[in-house]
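What follows is each chain in one-letter form.
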Amino acid sequence: MAAATGALAADPVKVGFVYVGPVNDGGWSQHHHEAAMTLKEHFGDQVELIEQESVPEGPDAERVMTQMALTGADIVFATSFGYMDQVESVAAKFPNVKFEHATGFKSGPNFANYSARFYEGRAVMGTIAGMMTESNKIGYLASFPIPEVIRGINSSFIHAQKVNPDVEIRVVWLNTWYDPAKEADATQALLEQGVDVILAHTDSTAPLATMEKSGGYGFGQAADMAQYAPEPRLSSIIDDWAPYYEERVQAVMDGTWETAATWSGIKDGMVGIGDFSDAMPDEVKAKAQEVMDGIVDGSYHPFTGPLNKQDGTPWLAEGEIADDGTLAGMDFYVEGVTGDIPN
Amino acid sequence: MIRLERRPAPSRTWTYLAPLLAVLATMIAGAIMFALLGKDPVLAIRTIFWDPIFSAQFGAYSRPQLLIKAGPLILIAIGLSLGFRAGIWNIGAEGQYIMGALAGASVALAVYPMELPVLLPLMVIAGALGGWAWAMIPGVLRTMFNTNEILVSLLLVYVAEQILSAAAVGFLRNPEGGGFPGSRNLQSYASAHNAEIIAGSGLHWGVVAAFISVIAAYVLLQRHILGFHIKLAGEAPRAAKLAGVVPARLVLFCLGVSGALAGMAGLFEVAGPAGKISIDFGAGYGFTAIIVAFLGRLHPAGILLAGLLMALTYIGGELAQLMLGLPAAAIQAFQGMLLFFLLAFDVFGHYRLRIATGRTA
């Protein structure tokens, strides 16, 4: 054991990170980057980080990951779903390097995937939104029509409707993960349509900044965005990848790394729920806490029947719980959501 | 006192000297910037310019990557250079690149999974037509309504990007992709795959097409009356008119050729290295090619070298990021310096530096 530790100290584990955006985007990539930085704090000289930001999802990603493998990376985290095919092909070429792909669904012997059950967080936010809206109109700033985002819309709406049967949801598709100007415009447009609580699946603080001026309530997305509390920010969904990265890098050090498909939620801390702001009445706080506690202790799953699809066809029977396969490929709205998924 | 004096005719020496000096000045200024960022400047410059070609550890991988990266840049820049010489400014090659890829990929996906030996050639034609058609919009608008082709072609890039994302999430989406955006991967569809001609060489049909375009452009400009007209229209528009050049025809030709080449570049990319249509398929080749065209002095051989150099700064820049921890912005600034210094040294092509005493002025 002592010998092994000695060898490790002399030869740090090289950890590669590939980011789709700049590391200061204030959202997705920044959170992965910050989690990577905590590895440095946690492991000190035992790890060496190699990071590459703003890597487009395509041949550039394949080249970057190949270069990382060629320059001695032991494990590479590819932090965007669009890297999936590239990870698959590079992983096949370097069987001794471990690859971890965020939010995808493929895997292999040295190719694991990991993602967060953000829809659990959406259930809590949706509950709050349903109780806080006075106009009974809530809005959703959607990024791209992928299962991840559709799950978020459905989960938000289901839980808003549970506490407020009259609630309606307006979904705006922005086709971007990060565009402060577009996000602000869409927020303003929703507010003008009488929407008074807005959930965002885009990463900037622009929606909250707009609501600070023009009214309405919102939530922190990806980051806590506590600077906008108590109003307009009511709570937040926080991405926290650090514990997972520590665990996986530790496994590489110990020689115990194995491929896996990890999908963690609030319970494991991958999805964090930001403090409830004082703008929320106690009954709202209590209800939100109840939903969250149920998810954490396993007594409640956000997608529990009876639930119908948007066109009225039955999806889940009374008490039936959605399986992960359906959730992972979700391409339909639940009943009550208006509008179409762009196609 | 130092002043600039206009030369009677642009200096040939400076035309060739400027790019070399620009590269040298970029290295020096870049080294200073890297040093200020706390990195070893010599190591950084070596990582960018030397390691991708000569590193024993990974050179065998990065050398072919240079061709893969340079191929589309050269192919697009050659097309652009014809128009630029004639004073016809197609700034929207990025859009034509995307539309070519969409048109070509659509052909393949329409007949999937049928294996057809002629499929790839058909896709190339479709790709060229897609890019050509997209470039014809500013072409026709300019010839019929005298609109500005710079604005129209540039704005059409954003339209093309919208169509691209609609395709990736909609009509070209892989039905077996689990609901994720992006088309099927053409790399796993043998008839449609623009594979490397010699495995591991980086040489796919798009690179071959780029080399052919260099030769064809050279012949056109040196040996063909059309090439003469292009040069004449750019250098002496009045003389061109007298020589019987029909401006409208030249506009349509130059925009058409540059659009078709950009469209082909997009097709070769989507059928080869990229493999599929995805939301951010357009990775800026169409814009970078503008820099390549000017860095190469709008001369076919120059563009060939400039394309390879640009590819080198990309691949070396990536290496510098991941091996030395340089931020991506520093690499972009470094690439920007290249164009900046080129424009700066170009001044000496047109002006002479005079050091004179106050009295003679």
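The numbering scheme is per chain: residues are counted from 1 as the chain's sequence reads. Here every chain gets a letter starting at A, and every ligand a number starting at 1, in the order they are written. Only residues with pLDDT of at least 70 are given local features in this predicted model, and only at 80 or more are side-chain atom pairs given and counted; all residues enter the totals for whole chains, interfaces and linings.

A.B. asks: How would you sum up the overall build of chain A? Please name residues and give values.
C.D. replies: Numbering of helices and strands runs from the N terminus; a helix is a DSSP stretch of H or I covering at least four residues, while a strand is a stretch of E covering at least two. Along the backbone of chain A there are 11 helices and 14 strands. As defined in this context, the radius of gyration uses C-alpha atoms, and a globule is described by 2.2 Å times the residue total to the power 0.38. The C-alpha radius of gyration of chain A comes to 21 Å, within 12% of the 20 Å expected for a compact globule of 343 residues. Taken along its principal axes, the extent of the C-alpha atoms in chain A is 65 × 45 × 40 Å. Per-residue burial for chain A yields a buried fraction of 55% across its 343 residues. In chain A, the share of contacts with a sequence separation of at least 24, taken over all contacts with a separation of at least 6, comes to 65%. Any residue whose C-beta has 12 or fewer other C-beta atoms within 10 Å is treated as exposed, any with 20 or more as buried, and any in between as partly exposed, C-beta atoms being built from the backbone. We call two residues in contact when the distance between their C-beta atoms, placed using the backbone, is within 7 Å.

A.B. asks: Describe the sheet that holds strand β1 (residues 13-18) of chain A, naming the residues involved and giving the relevant values.
C.D. replies: All names here are of chain A. Paired strands, in this sense, are two strands between which DSSP finds at least two bridges. As summarised here, the arrangement of the six strands in space is β2-β1-β3-β4-β5-β11, forming an open sheet in which the pairing is parallel. Sheet topology places β2 (47-52) and β11 (261-264) at the edges, where each strand pairs with a single neighbour. With strand direction ignored, the average angle separating the axes of adjacent strands in the sheet is 20°. Alignment of strand β5 (residues 111-116) against β11, held across four bridges, turns out to be parallel. Counterpart to Tyr 114 in the pairing with β11 is Thr 262. Interaxial angle, 0 to 180 degrees, is taken between N-to-C directions of lines fitted to C-alpha atoms, where a helix line uses only the stretch in contact. Docked against the sheet, helix α4 (residues 84-93) engages β3 (75-78), β4 (98-102) and β5, running at close to 170° with respect to β4.

A.B. asks: Any chance you could break down the nonpolar core for me, citing the residues and the numbers?
C.D. replies: One broad trend across soluble globular proteins is that nonpolar side chains are buried collectively. Judged by nonpolar contacts, the single largest core of 217 residues is most densely connected at Val 76 of chain A together with Ile 76 of chain B. Summarising the domain contributions, this core has at least three residues from each of domain 1 (2-116) and domain 2 (118-239 + 271-328) of chain A. Not counting residues up to four positions away in its chain, the partners in contact with Val 76 of chain A are Gly 16, Val 18, Met 65, Met 68, Ala 69, Val 97 and Phe 99 of chain A. Throughout this description, the term nonpolar core refers to a group of buried Ala, Val, Leu, Ile, Met, Phe, Trp, Tyr and Cys residues whose C-beta atoms join them within 7 Å. Where each domain starts and ends comes from a domain assignment, either automatic or drawn from a database.

A.B. asks: Outline the interface of chain B and chain A, supporting the account with residue identities and numerical values.
C.D. replies: Counting residues at the interface gives 27 residues for chain B, matched by 33 residues for chain A. Elements represented by at least two residues in the side of chain B that touches chain A include exactly α4 (59-86), α7 (149-171) and α13 (300-324) of chain B. Of all the elements, α13 of chain B adds the most residues to the side of chain B that touches chain A, at five residues. Polarity classes work like this: nonpolar for Ala, Val, Leu, Ile, Met, Phe, Trp, Tyr, Cys and Pro, charged for Asp, Glu, Lys and Arg, and polar for all others, with Gly in that last group. For the side of chain B that touches chain A, the class distribution of residues is 15 nonpolar, 10 polar and two charged.

A.B. asks: Could you give an account of the environment of Ile 290 of chain B, naming the residues involved and the relevant values?
C.D. replies: All names here are of chain B. Examined against the element boundaries, Ile 290 turns out to sit in helix α12 (residues 285-295). Judged by the 20 C-beta atoms lying within 10 Å of it, Ile 290 falls in the buried class. Residues Ile 290 and Asn 90, 200 residues apart in the sequence, show an inter-C-alpha distance of 9.1 Å. If we ignore the near neighbours within four places in the chain, the residues touching Ile 290 are Leu 80 and Ile 91.

A.B. asks: Go over the pairing of strand β9 (residues 217-222) of chain A, please, and point to the residues and values.
C.D. replies: Residue and element names in this part refer to chain A. Of all the six residues making up β9, six are buried; the element is thus mostly covered by neighbouring parts of the structure. Across two bridges, strand β8 (residues 197-200) lies against β9 in parallel orientation. Looking at β9, one finds that Val 197 is bridged to Tyr 217. For the handedness criterion, the strands are oriented away from the viewer, and a crossover whose path from the first strand over the helix to the second runs clockwise is classed as right-handed. You can see the chain leave β8, run along helix α8 (residues 206-214) and come back into β9, and the turn it takes is right-handed.

A.B. asks: Let's hear about the packing of α12 of chain B against α13 of chain B: which residues, and what values?
C.D. replies: Residue and element names in this part refer to chain B. Where α12 contacts α13, the axes come no closer than 8 Å and their chain directions differ by 130°. Our classification of the angle between α12 and α13 gives oblique. Crossing hand, α12 versus α13: right-handed. Facing α12, whose interface residues are Thr 288, Ile 291, Val 292, Ala 293 and Leu 295, α13 presents Ile 303, Ala 306, Gly 307 and Met 310. The residue makeup of the contact of α12 with α13, split by class, is seven nonpolar, two polar and no charged. Any angle that is under 35 degrees is reported as roughly parallel, and any over 145 degrees as roughly antiparallel; angles of 65 to 115 degrees are reported as roughly perpendicular and all others as oblique. Crossings are sorted by hand: turned counterclockwise from the far helix by less than a right angle, the near helix makes the crossing left-handed, and turned clockwise it makes it right-handed.

A.B. asks: Explain the domain arrangement of chain A to me, and be specific about the residues and the numbers.
C.D. replies: Residue and element names in this part refer to chain A. Partitioning chain A into domains gives domain 1 (2-116) and domain 2 (118-239 + 271-328). The centre of domain 1, based on its C-alpha atoms, is set 30 Å off from the matching centre of domain 2. With nine residues of domain 1 at the contact, the number on the domain 2 side is 12 residues. By residue class, the composition of the side of domain 1 that touches domain 2 is three nonpolar, five polar and one charged.

A.B. asks: Give me the environment of Met 280 of chain A: which residues, what numbers.
C.D. replies: When you line up the elements, Met 280 of chain A lands in the loop between β12 (271-273) and α10 (282-297). Sequence-wise, Met 280 of chain A and Ser 155 of chain A are 125 residues apart; in three dimensions their C-alpha atoms are separated by 20 Å.

A.B. asks: I'd like a description of unusual backbone geometry, backed by residues and values.
C.D. replies: A negative phi angle characterises most non-glycine residues, just as the trans form characterises most peptide bonds. Note the cis peptide between Glu 231 of chain A and Pro 232 of chain A, where omega equals 5°. The residue Pro 232 of chain A is located in the loop between β9 and β10 (233-239) in this model. A positive phi angle is found at Met 225 of chain A, which is not glycine, with a value near 55°. Position of Met 225 of chain A among the secondary structure elements: in the loop between β9 and β10. Even without a glycine there, the phi angle at Asn 146 of chain B is positive, about 55°. With respect to the element layout, Asn 146 of chain B can be found in the loop between α6 (119-145) and α7.

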